[in-house]
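Next come the chains, spelled out residue by residue.
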Amino acid sequence: MERKPLTLAEKTYMPQIVSGLGITFKNMFRKKVTMEYPEVKPPIPEGYRGQPALVKDPDGREKCVSCQLCEFVCPPKAISIIPGSIPEDSEHANVEKAPEEFDIDMLRCIYCGLCEEVCPEEAIFLQDNYSINGLSREELVFNKEKLYDIGGVREDEHFKWKKKKEAEVSGNPHH
Ligand code: SF4
Ligand code: SF4
């Protein structure tokens with residue numbers, strides 16, 4: 001088949017270059033949709049489900065009572081708990097149990113939030129961090145200390161284990 005010969009303008013490539021640059025200039029003045037991650041991070045919506053972590057109450061007590069419900073419900077079996085008891089002479093001995101060991105394998109976790117949903121003690125919450133990285137599988141299994149470091153302190157709404165609350169309740173039979 002006979003090819004159509006190029007015109008003089010086509011031979012110089014100028015029309016194509018100019019129309020290409022036209023698109024480039026047009027985009028230079030459009031609103032930027034890219035960002036310089038990780039220095040700039042997108043806003044995180046409320047209720048975002050990122051890494052799970054354990055929290056303590058404002059008195060420094062571990063809220064987790066090692067009931068193992070979260071371990072049972074976790075679909076990928078990312079949580080492993082060894083239950084422990086609180087020594088009788090502890091200031092928090094009004095609660096019997098706390099975890100001896102509590103690990104979450106962040107490589108297994110699918111951030112479903114079921115652990116937070118099921119926890120009867122408001123002891124485990126999904127955080128807004130989604131950037132979890134490491135150089136080995138072992139370091140991505142977070143132990144109890146690390147989980148408390150991440151979770152920090154979180155006041156709950158019920159205070160059901162507080163000694164003060166217990167005193168109030170026993171002092172007033174109507175409540
Ligand atoms: S968020 Fe889901 S997958 Fe992750 S530890 Fe909790 S229950 Fe398991
Ligand atoms: S985090 Fe909550 S559900 Fe999991 S063992 Fe502790 S108290 Fe139970």
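Residues numbered from 1 in each chain as written. Chains lettered and ligands numbered in written order. Predicted model: local features only at pLDDT ≥ 70, side-chain atom pairs only at ≥ 80, totals over all residues. Heavy atoms only, no water.

A. Summary view of the overall build of the protein. Of the regular secondary structure elements, the protein holds six helices and five strands. Reading the helices (α) and strands (β) of the protein from amino to carboxyl end gives α-α-β-α-β-β-α-β-β-α-α. Taken across its 175 residues, the protein has 27% of its residues classed as buried. Of the contacts formed within the protein by residues at least 6 apart in sequence, a portion of 71% connects residues at least 24 apart. Carbon and sulfur atoms provide 55% of the accessible area of the protein, an area that totals close to 13,000 Å². (Helix = DSSP H or I, 4+ residues; strand = E, 2+ residues; numbered from the N terminus. Buried < 20%, exposed > 50% of the residue type's maximum accessible area, 1.4 Å probe, protein only. Contact = heavy atoms within 4.5 Å. Areas by Shrake-Rupley, 256 points an atom, 1.4 Å probe, with all protein chains shown as cover.)

B. View of a nonpolar patch on the surface. There is a patch of nonpolar side chains on the surface, built from Tyr13, Met14, Ile17, Val18, Leu21, Phe25, Met28 and Phe29 and spanning about 900 Å² of accessible area. One can find Val18 in helix 2 (residues 14-28). The class of Val18 is exposed, set by a relative accessible area of 52%. (Patch = residues over 30% accessible without salt bridge, like charges linked within 9 Å, V, L, I, M, F, W, Y side chains within 5 Å. Salt bridge = Lys/Arg side-chain N within 4 Å of Asp/Glu carboxyl O.)

C. Looking closely at helix 5 (residues 144-151). Along helix 5, the residues classified as buried are Lys144, Leu147, Tyr148 and Gly151. Taken end-on, helix 5 shows its buried residues confined to a sector of 100°, consistent with a single buried face. What points out from helix 5, more than 90 degrees from its buried face, is the exposed set Glu145 and Asp149. Check the buried side of helix 5 and you find it contacts strand 1 (52-54), strand 3 (97-105) and strand 5 (141-142). One or two residues past the end of helix 5 sits Gly152, with phi positive at roughly 65°. (Arc of directions from axis to C-beta.)

D. Structural context of the sheet that holds strand 5. Spatially, 2-3-5 is the arrangement adopted by the three strands of the open sheet, whose pairing is antiparallel. Of all the strands in the sheet, the pair left with one neighbour each is strand 2 (79-85) and strand 5. Relative to strand 3, strand 2 runs antiparallel, the two being bridged by seven bridges. Across the sheet, the residue bridging to Ser80 is Asp103, located in strand 3. Relative to the sheet, helix 5 contacts strand 3 and strand 5, its axis offset from that of strand 3 by approximately 85°. (Pairing = 2+ DSSP bridges. Axes fitted to C-alpha atoms, helices over the stretch in contact; angles between N-to-C directions.)

E. The pairing of strand 3, seen in detail. By the bridge criterion, two bridges tie strand 3 to strand 5 in an arrangement that is antiparallel. Across the sheet, Asp105 pairs through a bridge with Val141, a residue of strand 5.

F. Quick peek at the site of ligand 2. Close to ligand 2 lie 13 residues, the nearest being Cys64, Cys67, Gln68, Cys70 and Cys119. Of the residues contributing to the shell around ligand 2, the split by class is ten nonpolar, two polar and one charged. (Near = heavy atom within 4 Å. Nonpolar A, V, L, I, M, F, W, Y, C, P; charged D, E, K, R; others polar.)

G. How the structure looks around the site of ligand 1. Every residue close to ligand 1 is listed here: Cys74, Pro76, Ile79, Cys109, Ile110, Tyr111, Cys112, Gly113 and Cys115. Taken together, the residues that form the shell around ligand 1 break down as eight nonpolar, one polar and no charged.

H. Region of the structure containing the side chain of Ser66. One can find Ser66 in the loop between strand 1 and helix 3 (69-73). A distance of 3.4 Å separates a polar atom in the side chain of Ser66 from the backbone oxygen of Ala98. Discounting residues that sit within four places of it in the chain, Ser66 has contacts with Ile81, Pro83, Gly84, Lys97, Ala98 and Pro99. (Polar contact = N/O pair within 3.5 Å; in protein donor to acceptor, adjacent residues only side chain to side chain.)

Function cannot be inferred from these measures alone, as they are strictly geometric.
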